[in-house]
Amino acid sequence: MNNPKVKIIAIKNLSKAHYKLDKVDFEYQIKKGNWQTQSRECYDRGDGAAILLYNPTKKTVILTKQFRMPSYLNRNQTGMMIEVCAGLLDEDNPEACIIKEAEEETGFKIKNPKKIFELYSTPGAVTEKIHYFVAEYNDQMKISDGGGLEEEHEEIEVLEIYFETALTMISKGEINDAKTVVLLQYAKLNHLV
């Protein structure tokens with residue numbers, strides 16, 4: 001944090017219940033040179049990683065389906081979301097994290113995931129940066145049923161979907177998770193499948 005146009009005045013923690021919610025009071029120097037005092041709430045849940053597993057021979061992708069309370073509270077009738085495999089970094093580096101998450105959630109043991117970029121998904125309120133990956137998979141890489149970890153209260157359904165079907169599901173509103181749309185569009189633009 002070395003922007004001379006930003007002076008943090010105070011950071012007050014509002015919650016540490018599951019993740020961290022802080023109120024940040026700061027001064028920001030606008031283009032005219034004046035300083036404005038502003039206040040923002042920032043939600044810090046750590047950084048994450050997401051991966052699209054794809055099979056160019058079968059022309060399929062591996063996605064997951066699970067209940068997401070925030071989407072349910074925002075008028076998702078069932079709360080179920082279809083997503084790429086993803087998880088928080090915790091203490092892992094992004095590549096180690098996504099290899100572990102792919103195995104836990106989907107049952108596929110992947111090697112050499114390709115990192116394609118890092119994005120802030122909601123920079124106006126959330127500190128999280130997501131590291132995006134892609135990797136090929138095949139049936140021989142399936143070592144378990146996946147489904148997530150019971151101790152993390154995960155109940156994940158693993159879906160193998162034709163790539164073109166997944167793209168159609170975006171336009172029908174059946175896939176409406178940002179990281180999933182980003183990775184499916186990346187795969188389309190780069191002719192991965």
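As the structure is a prediction and not an experimental result, all values here were calculated from the model.

(A) View of the side chain of D22. Positionally, D22 belongs in strand β2 (residues 20-29). Among the polar contacts listed, one links the side chain of D22 to the side chain of K20, at a separation of 3.4 Å. Apart from residues no more than four positions distant in its own chain, D22 is found in contact with I11, K12, N13, L14, R40, E41 and C42.

(B) Examining helix α3 (residues 163-171) more closely. Every buried residue belonging to α3 is among F163, A166, L167, M169 and I170, and all of these are buried. Down the axis, α3 shows its buried residues gathered within 155° of arc, on one side only. Against β5 (60-67), β6 (80-83), β10 (157-162) and α4 (178-189) lie the buried residues of α3. Count one or two residues on from α3 and you reach G173, which has phi positive near 80°.

(C) Geometry of the pattern of salt bridges. Under the counting rule described, the total for this entry stands at 13 salt bridges. A salt bridge links D139 to K58, with the shortest nitrogen-to-oxygen separation between them at 3.0 Å. Here D139, found in the loop between β9 (129-136) and β10, pairs with K58, found in the loop between β4 (48-55) and β5; they are 81 residues apart in sequence, far enough to count as distant. The exposure class assigned to D139 is partly exposed, which follows from its relative accessible area of 45%. With its nearest N and O atoms 2.9 Å apart, the salt bridge here joins K179 to E83. One end of the pair, K179, is in helix α4; the other, E83, is in strand β6, with 96 residues separating them in the sequence. There is no split in this pair, since K179 and E83 are both buried.

Thresholds, definitions, all that
- Residues numbered from 1 in each chain as written.
- Predicted model: local features only at pLDDT ≥ 70, side-chain atom pairs only at ≥ 80, totals over all residues.
- Heavy atoms only, no water.
- Helix = DSSP H or I, 4+ residues; strand = E, 2+ residues; numbered from the N terminus.
- Polar contact = N/O pair within 3.5 Å; in protein donor to acceptor, adjacent residues only side chain to side chain.
- Contact = heavy atoms within 4.5 Å.
- Buried < 20%, exposed > 50% of the residue type's maximum accessible area, 1.4 Å probe, protein only.
- Arc of directions from axis to C-beta.
- Salt bridge = Lys/Arg side-chain N within 4 Å of Asp/Glu carboxyl O.

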